[in-house]
Amino acid sequence: MKPADRLSRIPPYLFMTLRKKIQAARAAGVDVISLAIGDPVEPTPQAVIDELCRAANDPANHPYPTDEEKGMMAFRSAVAGWYAKRYGVTLDAATEILALIGSKEGVHHFCLAVVNPGDTVLVTDPGYPAYKASIVIAGGEPLPVAIRAENDFLIDFSEIPSETAKKARAIFLNYPNNPTGAVATPAFFAELAAWAKEYDIVVCHDNPYSEVVYGSTPRLSFLAAPGAKDVGVEFNSLSKPYNMTGWRIGMAMGNRDIIAAMSKVKENTDSGIFNAIQLAGIKALSDANDNVDKMLSIYQTRAKVLVDTLKACGLSASMPKGTFYVWVRVPEGKTSASFAEEILDKAGVVITPGNGYGANGEGFVRFSLTVADHRLALACSRIKKAMGRS
Ligand SMILES: Cc1ncc(COP(=O)(O)O)c(C=O)c1O
C-alpha cells in the first residue's frame, strides 16, 4: 500500500546511512558506543518518581486529562512560577501556557496551527531535523537560513533578503543550539523580535536546553525580549533539565492567539498528558532544580574529557557554552559522513554527521555527552587509537 505523498517529502532519517553499519558492527560482536543521541543516562530525580507513583495510585488521576484542555492549571501555574524565577518572564497561566507532550510535539502542532499549505517557513541550517519534517507534513515549504561559526552560529538577519522575509510565515530557531552548542544573547533575541514584527513573521523559539548552560553563560528566554509575546512563542521541556526524556512533558508559552490555536489542534488530536505525569512535572519544576546543577557539573567534566581527546587528535574542538553536544569540524579532506563512518569502523563509536542537520552542517560532526563516564572514557581511548594518537 502506498503511503500519502507528503511522507515522500520528509528528508531521510538522520542515521539512515549509519544504521546499517551499526547493526553490522553489533552483529559482528563490536561493543558499539553511541555518542549520537542526546538522551541522559542518569535517572529522573527520585522525588519526581515518588510523586508519579503517589499520583498514579490516586484514581482521581485516571480519567482523560481533558477537563483543563491546556493542561492542569496547577501544572501551568508551576510553569509560570518557574519562568518567573529562572528567566524573569511573567506569564498568564490561563492564556499564555499550554502543556505539551514534549517540545517535539509542540513543533508539530505549531505547524498545524500556524502554517498554511504553500507557506514558507524559515529554519536555521544546521538545525533540529524535526522542524523541516513538521513543516512538510503541514504542507509548508522549509527554507534554510544559514548559521555559521564566524557569527557564533547566530542568525545574521541582515543576510536574509527582505523579499524572503516578506514571504515567510514563520521561523524556527533554538538557542542553546542543537547541534552547535551555541547560545544567544538578550540583544540577539531583541533583534529577532523586532525583525519578526517588521516582517510579520511568527517566531517559534524552541528552548529545551535553556537550563543546560555553563559557567557565566546566563539562562535566557526569548520571551524576556521586548515585544516577544507579540510575535511568537517559546517551547520548553522537562526532558533535559530533569532527565525526563521518556516522560514526554513540556510546554508552549507566549502569544495567546498562537497558544489558543495550538490548543485547538491538540483538543482535536490528543487528549493531553496523564495527570500523574503533570503532577510529577510540578514536583520537578518546583523541587528538583538541584538536579540541573548536578547534571551541569557532570556534562562539563565529560565535555573536558572529550574536548581534550579531540584536541590531542589534532581537531579544533572547544567547550560548548550550552547543550550537551560538542560540535567539531572534521579533519581536512574528510566529509561529515566519511569521518563518522571512519570513527564507527575503526573505534566502534557512533557520532552524528553534521550534514544530517542541513547543508551547512557539512564538514562537522556532533558528539553527545549523555553517556556514562566510563563509556565516554572508553570511547575517547578508542578514538585516540583510531586516529593514531595513543
Ligand atoms: C532542539 C530540540 N528540540 C526539541 C527536542 C525534543 O525535546 P522533547 O523531549 O521535549 O520533545 C530536542 C531533543 O533532542 C531538541 O534537540
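Residues numbered from 1 in each chain as written. Predicted model: local features only at pLDDT ≥ 70, side-chain atom pairs only at ≥ 80, totals over all residues.

With respect to the domain arrangement of the chain
Buried accessible area, meaning the area lost when the parts come together, often serves as the stated size of an interface.
Reasoning step 1: Taken domain by domain, the chain holds domain 1 (5-43 + 290-386) and domain 2 (46-288).
Reasoning step 2: Once you take the C-alpha centre of each, domain 1 and domain 2 turn out to be 25 Å apart.
Reasoning step 3: The interface is formed by 32 residues belonging to domain 1 together with 31 residues belonging to domain 2.
Reasoning step 4: For the side of domain 1 that touches domain 2, the secondary structure elements donating two or more residues are α12 (289-312) and β9 (325-329).
Reasoning step 5: In terms of residues, the side of domain 1 that touches domain 2 owes the most to one element, α12, which gives 6 residues.
Reasoning step 6: In terms of residue class, the side of domain 1 that touches domain 2 is made up of 15 nonpolar, 10 polar and 7 charged. (Domains from an automatic or database assignment. Contact = placed C-beta atoms within 7 Å. Helix = DSSP H or I, 4+ residues; strand = E, 2+ residues; numbered from the N terminus. Nonpolar A, V, L, I, M, F, W, Y, C, P; charged D, E, K, R; others polar.)

A few points about the sheet that holds strand β5 (residues 168-173)
Reasoning step 1: The mixed open sheet is built from 7 strands, whose spatial order is β2-β8-β7-β6-β5-β3-β4. Both edges of this open sheet fall to β2 (97-100) and β4 (141-146), since each of them pairs with a single strand only. The mean inter-strand angle of the sheet, taken between neighbouring strand axes irrespective of direction, is 20°.
Reasoning step 2: In terms of strand pairing, strand β7 (residues 232-237) meets strand β8 (residues 250-254) through 5 bridges, oriented antiparallel. Of the residues in β8, the one forming a bridge with V233 is G254. (Pairing = 2+ DSSP bridges. Axes fitted to C-alpha atoms, helices over the stretch in contact; angles between N-to-C directions.)

Considering α12
Reasoning step 1: The terminal C-alpha atoms of α12 lie 35 Å apart, and with 24 residues this matches the ideal 34 Å at 1.5 Å per residue to within 8%.
Reasoning step 2: Within the span of α12, buried status applies to N291, M295, Y299, R302, A303, L306, T309 and L310.
Reasoning step 3: Where α12 terminates, the next one or two residues include G314, which has phi positive at roughly 90°. (Expected span 1.5 Å × (residues − 1). Buried ≥ 20, exposed ≤ 12 C-beta atoms within 10 Å, placed from the backbone.)

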